[in-house]
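Listed below, chain by chain, are the residues.
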Amino acid sequence: MTAPPKARDAWLSRLVQAAFLAGLALVWYLAATRWGVNRLLLPNPVAVAQDLFEILRSGEYIDDLETTLGELAAAFSIAVAGGLATGYLVSRSPYLTKVFEPLFAGLYAIPIILFLPLFVLFFGLGPASKIAIGAAISFFPITLNTIAGFGGVDRLYVTAARSMGASDYHLFRFVLVPAALPVILTGLRMGFTTALLAIIASETLASFAGLGHRIVSLAESMEIAPMFAYIVFVIAIAAILNAFVSTLEARGRRNR
Amino acid sequence: MKRAPSPLRAYLARRPGLARLFVIAALFVVWEVSARWFVDPLFLSPPSKVIASLGALFGTPGVPAALRITLFELAVAFVIAVAIGLVLGLAIGLQPFVRLSVFPIVLLLYGMPQITILPLFILYFGIGAASKIAFGVTHGMFPVVMTVVAGVQNLKPILMTSARSMGASRWQIFRHVIFPHMVPSFFAGMRLGMSGVLLGVLLAELYVSIAGIGYFTTLFTQNFEPAKLLGLIGTLAAMAIFLNALVRRAETHFGKWRAG
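This structure is a prediction, so every number in the text was calculated from the model and none was measured. (Residues numbered from 1 in each chain as written. Chains lettered and ligands numbered in written order. Predicted model: local features only at pLDDT ≥ 70, side-chain atom pairs only at ≥ 80, totals over all residues. Heavy atoms only, no water.)

Asks: Explain the overall build of chain A here, please?
Replies: Scanning chain A from terminus to terminus reveals 10 helices and zero strands. Secondary structure of chain A in N-to-C order comes out as α-α-α-α-α-α-α-α-α-α. Taken against the 2.2 N^0.38 rule, which gives 18 Å for 256 residues, the C-alpha radius of gyration of chain A at 23 Å runs more than 25% over that of a compact globule. Projected onto the principal axes, the alpha-carbon positions of chain A cover approximately 75 × 60 × 35 Å. Long-range pairs, those at least 24 residues apart, make up 73% of the contacts in chain A with a sequence separation of at least 6. Surface accessibility of chain A: about 13000 Å² in total, with carbon and sulfur atoms responsible for 68%. Here chain A carries 18 positive and 15 negative side-chain charges, and the mean point of each set is 14 Å from the other. (Helix = DSSP H or I, 4+ residues; strand = E, 2+ residues; numbered from the N terminus. Rg over C-alpha atoms; globule rule 2.2 N^0.38 Å. Contact = heavy atoms within 4.5 Å. Areas by Shrake-Rupley, 256 points an atom, 1.4 Å probe, with all protein chains shown as cover. Lys, Arg positive; Asp, Glu negative; His and termini not counted. Charge placed at Lys NZ, Arg CZ, Asp CG, Glu CD.)

The structure is reproduced here in structure tokens:
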């Protein structure tokens, strides 16, 4: 079943993918123009493209983008600081790992966005509640992967370094960190992605500003074509950010 | 000189599970103390008051119905997500060419932030159960597809070859080779699918603020009734924990044949 794909197959599969995307665009276009689907439900893709171009040209997205990215930067910084510190401290003792790791894993399995109304009650509708919930949600993958990363370091490395006279600092800098880094970097990337999703979600659910809020306010005023344009814009931003952190992750793995 | 550990510490050292319960209990004590004496009661209620007001919460007209409907949406969305995920996963995973061409499209769709299209779901399916079920399905089906495809892919080619060389029919190969090998990863997928369904349904429930859970969370927030708000959110969290535990138990039960 796992025979290496032939060059012709690889080429054909690209063709299928391109045909799928083209077919999707064609169905969208025909549904909006010929088949009489209500324009309030499905705008003409040409109008959406024009709106997207207009949004990019006028720069009206800049305020919302700044809000969202600012919240993301603050939330992710808090989660990284808290998650790395907590994860490292817990990972130092197998006993603490046994006590806390299932607790964090159990909490992480609950959709934490459920607690958004509480965050809004405490921190208001502004950026503070988004930062708080983004940090709270992205704390878990970072902490769990930090525990797994440091916890998975082979005891042999530590013993060998110690017997060669490594100090605490040297042990940390040249043994523990390089050995744990790949798993931790994965945790950081997951934390970044979840923070981004949490922030857009909380802007969508309750806020005054940001990209998520923009999509909702356009939906509420039934400006469907600009709303589609913003959806495309946000998906593109998310894809760019995720590609960026994936690249950083790969580079960090190579340079450790 | 090292002091001998106290009996309690020695006891706890052998039972990390018990120590974990102590940590949870300590968190509740901190919450109780801070809410009772240090935080404005308009914003935070102590757990004792939250539990005491559960009766009033479930007595609020509409709340039990909203919780029941949410549970119904979760169940329906989960069943649909698993069914679609299984069929799609098998269709994609069993044919190498289909996997090569279609799987990247699935990955692309799975990577999109679905929350951006939540308003569209409300627009298309209304504010009732349908939109919430649909949003739960789109969140839950992708993890199932991924794990089913991975499970089929991990099948050792030698098993297929030997089954075929012994004259097994297509159905026999599916029933006796593919299916048993898929079971563990399928249940792992169900667990991830449940996380997705919970996220999707609850996001949609919170988004619609004129009916269901979202209406009551908005109402309790605006009226500064933190005890009721915490009770409602706590009930939903308990629901999520229960459903997660259910699929996790199924996963360990059905996943262990390979180890034996």
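Okay, back to it.
Asks: Help me out: how do you make sense of the side chain of Glu249(A) in this one?
Replies: All names here are of chain A. Here Glu249 shows up in helix H10 (residues 224–254). A polar contact is formed between the side chain of Glu249 and the side chain of Thr186, at a distance of 3.1 Å. Contacts of Glu249, omitting those with residues within four sequence positions, involve Leu185, Thr186 and Arg189. (Polar contact = N/O pair within 3.5 Å; in protein donor to acceptor, adjacent residues only side chain to side chain.)

Asks: Sorry, what's going on with the confidence of the model for chain B here?
Replies: Regions with low pLDDT should not have their predicted coordinates read in detail. Residues and elements named next belong to chain B. Per-residue confidence for chain B gives a mean pLDDT of 84; residues scoring 70 or more make up 96%. Looking across chain B, the model is least confident in helix H1 (residues 7–14), with a mean pLDDT of 75, and most confident in helix H5 (residues 63–93), with 91. Scored as a complex, the prediction yields pTM 0.85 and ipTM 0.83. (pLDDT = per-residue confidence, 0-100.)

Asks: Is there a simple way to think about the pattern of salt bridges in this case?
Replies: A side chain with one charge may pair with a side chain of the opposite charge, provided their charged atoms come close. Residue and element names in this part refer to chain A. Taken as a whole and judged by the stated rule, the model has nine salt bridges over all chains. In this structure, Arg214 and Glu60 form a salt bridge, with 3.8 Å as the shortest nitrogen-oxygen distance. A residue pair is termed long-range when its members are at least 10 positions apart, and Arg214 in helix H9 (residues 211–220) and Glu60 in the loop between helix H2 (45–58) and helix H3 (62–91) qualify at 154 residues. With a relative accessible area of 24%, Arg214 lands in the partly exposed category. With a relative accessible area of 38%, Glu60 lands in the partly exposed category. (Salt bridge = Lys/Arg side-chain N within 4 Å of Asp/Glu carboxyl O. Buried < 20%, exposed > 50% of the residue type's maximum accessible area, 1.4 Å probe, protein only.)

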